Amino acid sequence: MTKIDIVSGFLGAGKTTLIKKLLADAFNGEKLVLIENEFGEIGIDGGFLKDSGVQVTEMNSGCICCSLVGDFRTSLKEVIDKYSPDRIIIEPSGVGKLSDVIKAVNNIVEETGDQISLNSTTAVVDGIKTRMYMKNFGEFFNNQVESAGTIVISRTQSLKEDKLEGVVELLKEHNGNAKIITTPWDEIDGSVILKAMEQSGSLADELLAEEDICPECGHHHDHDHHHEHECHHHDHDDHDHECGCHDHEHHHHHHADDVFTSWGIETPRKYTKDEVKNALDKLANTDEYGTILRAKGMLPSTEETWIYFDLVPGEYELRDGQPDYTGRICVIGTNPAEDKLKDLFLL
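Numbering of residues begins from 1 in every chain and follows the order in which that chain's sequence is written. Local features in this predicted model are restricted to residues of pLDDT 70 or higher, and side-chain atom pairs are both shown and tallied only at a pLDDT of 80 or more, whereas totals for entire chains, interfaces and linings draw on every residue. Calculated side-chain values reflect all of the structure's heavy atoms, with hydrogen atoms and water omitted.

1. Focus on the sheet that holds strand β10 (residues 306–312)
Here comes step 1: In short, DSSP must find at least two bridges between two strands for them to pair. The helix and strand labels rest on DSSP assignments: H or I over at least four residues marks a helix, E over at least two residues marks a strand, and numbering proceeds from the N terminus. Overall, antiparallel pairing links the five strands, which are arranged β8-β12-β9-β10-β11 in an open sheet. Looking at which strands have only one partner, the edges of the open sheet turn out to be β8 (261–267) and β11 (315–321). With strand direction ignored, the average angle separating the axes of adjacent strands in the sheet is 10°.
Here comes step 2: Two strands pair when backbone bridges link them, and strand β9 (residues 292–299) and β10 are joined in this way by five bridges, in the antiparallel orientation. Bridge pairing links M298 to Y308 in β10.
Here comes step 3: By the convention used here, residues are in contact when the closest approach between their heavy atoms is within 4.5 Å. The convention used is that axes are lines fitted to C-alpha atoms, helices contributing only their stretch in contact, and that angles between N-to-C directions extend from 0 to 180 degrees. Against the sheet, helix α10 (residues 273–285) touches β9, β10, β11 and β12 (327–333), its axis set at about 155° to β11.

So this is what it looks like as structure tokens:
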């Protein structure tokens, strides 16, 4: 099956630069085809991208959203038939509407069955010009933001922290579900960007997948385990057994969403180790923030490395880590106090 990744972005946002980074860092060993559509008579980017070993099919008859019915569909099918690629990257015109491109690809996916799949939809956004573009070119710019599964902010290294946080808030007003990549591109590997583009789950999903937390007693267990502690049983319609919490082996088959609440936030804010340590001391050792069972985070630091942390009741671990696509915090518990957690992490 051929994966299709759409990398959109308003004029000059840095789409081609991002694609080159992904080609260098993330797509090694894959058979790739790049389909470009430049607005105007001449495609300006095709030449140097050919040097990367990628076959470029340029469609210069106009904006991609104006040539979807014939040219785009034909070109995409021809590329699949001729090259049988592992992945196709579609770089629409900067003044194209991402929603139109997604619709066109989905139509072709329906026609071809399991031959292709829409893998990711990305909007590259110039962080310096976001507010101006939203105001003056909202029909196109906002459509790209609102339709994207991932938003990659360019030129973040030129923004002060408060300005970057303001840009993130603006983008979230138009798309609260997208992953927003805020880390400067020269600090992050392209494979991390690709993982964010392809990943549908949240940090909370990752945490719950890592952990086997008994929803009835709130303790962490292995999949086959003995445990000796007091446990209060709750009725759940979805179970076919009860957690008696005696010395016996058993599996839990509960729906965590019915029992736990997760609080998560993404932030470009930079932290000192002391700030994170102070927050975790309170979170691990007091009940001021609710019944907290698990917390995890990866945060930009005021120093060279990022700060990673893991927390369970009564203890936590801090360590250095590599840059992630943006700072992330997730807290899981039975009644986390969200407003207090925001204050705790200085947000």
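2. Some remarks on the pairing of β11
Here comes step 1: The pairing of β10 with β11 spans seven bridges and is antiparallel. Looking at β11, one finds that V312 is bridged to E315.
Here comes step 2: Counting the residues between successive antiparallel strands, the hairpin from β10 to β11 contains two residues, one of them, G314, with a positive phi of roughly 85°.

3. A few points about the packing of helix α4 (residues 98–112) against helix α6 (residues 138–147)
Here comes step 1: At a minimum axis distance of 7 Å, the contact between α4 and α6 shows a crossing angle of 50°. On the basis of their axis angle, the class for α4 and α6 is oblique. Residues L98, S99 and I102 of α4 pack against N143, Q144 and S147 of α6.
Here comes step 2: Under the scheme applied, nonpolar residues are Ala, Val, Leu, Ile, Met, Phe, Trp, Tyr, Cys and Pro; charged residues are Asp, Glu, Lys and Arg; polar residues are all the others, including Gly. Classifying every residue of the contact of α4 with α6 gives two nonpolar, four polar and no charged. Throughout, the term roughly parallel applies to angles under 35 degrees, roughly antiparallel to angles over 145, roughly perpendicular to angles from 65 to 115, and oblique to all others.

4. Focus on the packing of helix α1 (residues 15–25) against helix α8 (residues 190–198)
Here comes step 1: Look at α1 against α8: their axes get within 8 Å of each other, and the N-to-C directions meet at 105°. Accordingly, the angle class assigned to the pair α1 and α8 is roughly perpendicular. Packed against α1, whose contacting residues are L18, K21, L22 and D25, the element α8 presents G190, S191, I193, L194 and M197 at the interface.
Here comes step 2: Per-class residue counts for the contact of α1 with α8 are five nonpolar, two polar and two charged.

5. Some remarks on the nonpolar core
Here comes step 1: Nonpolar cores were defined as sets of buried Ala, Val, Leu, Ile, Met, Phe, Trp, Tyr and Cys residues, with membership established by side-chain atoms within 4.5 Å. Only protein chains enter the accessibility calculation, which uses a 1.4 Å probe. A residue is then buried if its area is under 20% of the maximum for its type, exposed if over 50%, and partly exposed in between. The biggest cluster of nonpolar side chains holds 38 residues, and the ones touching the most others in it are I88, I90 and L171.
Here comes step 2: At seven residues, α4 tops the list of elements feeding residues into this core.
Here comes step 3: Apart from residues lying up to four places away in sequence, L171 is in contact with V125, T130, M134, V145, I151, I153 and I180.
Here comes step 4: With 21 residues, the next largest nonpolar core counts A26, F27, M197 and Y325 among its residues.

6. Overview of the pattern of salt bridges
Here comes step 1: The working definition used for a salt bridge is a side-chain nitrogen of Lys or Arg within 4 Å of a carboxyl oxygen of Asp or Glu. All told, the structure shown has 15 salt bridges when counted by the stated rule.
Here comes step 2: For R328, the salt bridge is made with D324, and the minimal N-O distance between the two is 2.8 Å. Considered together, R328 and D324 belong to a single accessibility category, that of buried residues.

7. Structural notes on α10
Here comes step 1: An expected span of 1.5 Å times one less than the residue number is assigned to each helix. Between the first and last C-alpha of α10 there are 18 Å, a value that for 13 residues agrees with the 18 Å anticipated at 1.5 Å per step.
Here comes step 2: Those residues of α10 that fall on the buried side of the exposure criterion are V276, A279, L280, L283 and A284. Seen from one end, α10 has its buried residues packed into an arc of 120°, which puts them on one side. Exposed positions of α10 whose direction lies more than 90 degrees from the buried face are D274 and N285.
Here comes step 3: Those residues of α10 that are buried are in contact with β9, β10, β11, β12 and α11 (338–344). Arc definition: directions from the helix axis to the C-beta atoms.

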